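Take a look at the letters that make up each chain.
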Amino acid sequence: MAKTASDTKAKHAAKDAAGGQGEVKKSKAAAGKAKGTGGKGGSGKKAAKAEMKAAAIAAAEKAARPDALGTAARTTAENSPQEEDLAVATVRKVAMEGAKTRSEHDLLGDGEVPADALWGIHTKRAVANFPITGVSVGHYPELVRALALVKQAAARSNHRLGYLPKGKAKIIEEACTLVATDPTYAESFVVDAIQGGAGTSTNMNANEVIANVGLRLMGKAPGDYAALHPNDDVNMAQSTNDAYPTALRLAVIFATQPLVKALDDLAYAFKSKAVEFADVLKMGRTQLQDAVPMTLGQEFDGFHATIKEDVARLTEIVGLFREVNLGATAIGTGINADPRYAALAVEELSRLSGQPMVLASNLIEATSDLGAFVLFSGVLKRVAVKLSKICNDLRLLSSGPRTGFGEIRLPAVQAGSSIMPGKVNPVIPEVVNQVAYMVIGHDLTVTLCAEGGQLQLNAFEPTIGYCVLSSLRMLTAAIDTLTKRCIDGIEADRERCRSLVQGSIGLVTALAPTLGYEASSRIARRALKENRAVADLVLEEGLLTEAQLNGLLELEAMTHPTRRQKAGTVV
């Protein structure tokens, strides 16, 4: 059967549409009806055309809703993705049929994108090229905000230098403010976080979104780039190679702030428990063997101190990201930028972000070197390792509850078994352990990416950004969870702690300065062999009176420095 005009139109509609919330089923049904009419000018073809038009209008209206602007339609089991569909980070699909589209042009030619999408053809191609992780750039609000602030700083600087007209500069500023402050615009940053091109796709995505938001503010349709252009206007005097690294560094500064707060809160929670448990005598252990007595409060105070150390290190190292290469453009030579632009742009970025940013002294070095990320990621690994060790301790100390250490009780937050009634597991420390392992793995990836760069640029910065921002997000969430759902509710089993001390041969260490090493060793061997208490054996052998023994085994005597020099014994 010869193809009709309706056949051709339906085929082209399916092939060229670039996305949106398409009514795919309706379009297919309409196309099928049109295909079955045959001949020219039949009423069946008219009906098919009308149905297709109605479906396209419905799809365009759906795509124009605030919660769907520039985002992808989720496919369902009964509506599987078509060959032409674009995968948005592997878990979402941009339907290619049934939506009203606009035509855009790039280096590779013409292409269709959803009429109301805030992103354009460069983003469309990137979405098709990088369906890698299932995590889009919009997943990281700090990065979206930082990108908008970099573009805003550039617009201000270009206007101050006389290159960008006042009207365009004002619109770009307003658009950047919206993108930086309204979280719904993150939905239009649909490019996968891991991508080839050293971040070019992310930069293009940002340019297109800001340009199209600006066009709407001007009362114009998205894609009317003659009025406001993503590259010529929004990206003026910039390159991906300076705009993206600057934004990424600023995003890390933003994302570190909630992590520092979470660590401070955790340290405070440990300190509170240290005070609460200050009088709980327990056995300290080395190599999982009895060592010497201590208090549970001292143990928790140690946790507090180690967390506060990490707060200090994070606050110190994150300062490295204040040095940026904005104005370096392609490789650090500043090509296509005014000589005054770099310093001015960094000044404006500092003002807009509220962060004291500084221009790197050598822009060529700053464009190719990622040493700050290596060092910072190492600090995140340090935090992860120490957190994991603390969680290992908490799981050991709470083990049992009757056949393990059983010195503390963690809050019961959920049933622990589908087969063993009454079992409660240390699930919060366990999840923190797993987050720590992820962060440790991310650190190795950052190291390899930083080493893998060549010459004037490192193409692997997107993966570095993905790893560092993911680590920051996971650590923050894990620490908040640990504080609120575990540490705050920990209880001490005081009787259990004391009974373990009294039954331990480690007590003999507190007696060694008085009894001497040989006598103390003999008592320890007897206690272990005869399964008797150290104190009973000391009294039995008449080595100390009961009053002397009690004095040596007091809480303060066993948990703090107490040895005193006797006059005349040291020459």
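Here, every reference points to the structure presented above.
Keep in mind it's a predicted model, so treat the numbers as computed, not measured. (Residues numbered from 1 in each chain as written. Predicted model: local features only at pLDDT ≥ 70, side-chain atom pairs only at ≥ 80, totals over all residues. Heavy atoms only, no water.)

Draft legend 1. The packing of helix 5 (residues 141-160) against helix 6 (residues 166-181), seen in detail. Remark: helix 5 packs on helix 6, axes separated minimally by 9 Å, with the N-to-C direction vectors making an angle of 165°. Taken together, the axis directions place helix 5 and helix 6 in an arrangement best described as roughly antiparallel. Helix 5 and helix 6 meet at a crossing whose hand is left-handed. On helix 6, the residues touching V144, R145, A148, L149, K151, Q152, A155, R156 and H159 of helix 5 are K166, A169, I172, E173, C176, T177, V179 and A180. Classifying every residue of the contact of helix 5 with helix 6 by side-chain character gives nine nonpolar, three polar and five charged. (Axes fitted to C-alpha atoms, helices over the stretch in contact; angles between N-to-C directions. Helix = DSSP H or I, 4+ residues; strand = E, 2+ residues; numbered from the N terminus. Parallel < 35°, antiparallel > 145°, perpendicular 65-115°, else oblique. Left-handed = near helix turned anticlockwise from the far one by under 90°. Contact = heavy atoms within 4.5 Å. Nonpolar A, V, L, I, M, F, W, Y, C, P; charged D, E, K, R; others polar.)

Draft legend 2. The arrangement of the packing of aromatic side chains in detail. Following the criterion strictly, the structure yields six aromatic pairs and no others. Between F277 and F300 the ring centres are 5.5 Å apart and the planes differ by 75°, which places this aromatic pair in the edge-to-face class. One end of the pair, F277, is in the loop between helix 9 (240-276) and strand 5 (281-286); the other, F300, is in helix 10 (residues 296-317), and 23 residues separate them in sequence. A single burial state applies to F277 and to F300, both of which are buried. By the ring-pair criterion, three or more aromatic residues cluster together here, those being F270, F277, F300 and F303. (Phe/Tyr/Trp six-rings, centres within 6.5 Å; stacked < 30°, edge-to-face > 60°. Buried < 20%, exposed > 50% of the residue type's maximum accessible area, 1.4 Å probe, protein only.)

Draft legend 3. Main features of the pairing of strand 5. The sheet contact formed by strand 5 and strand 6 (residues 289-295) spans five bridges and is antiparallel. Across the sheet, the residue bridging to K282 is M294, located in strand 6. Taking the residues between adjacent antiparallel strands as the criterion, strand 5 and strand 6 are bridged by two residues, where Q287 takes a positive phi near 55°. (Pairing = 2+ DSSP bridges.)

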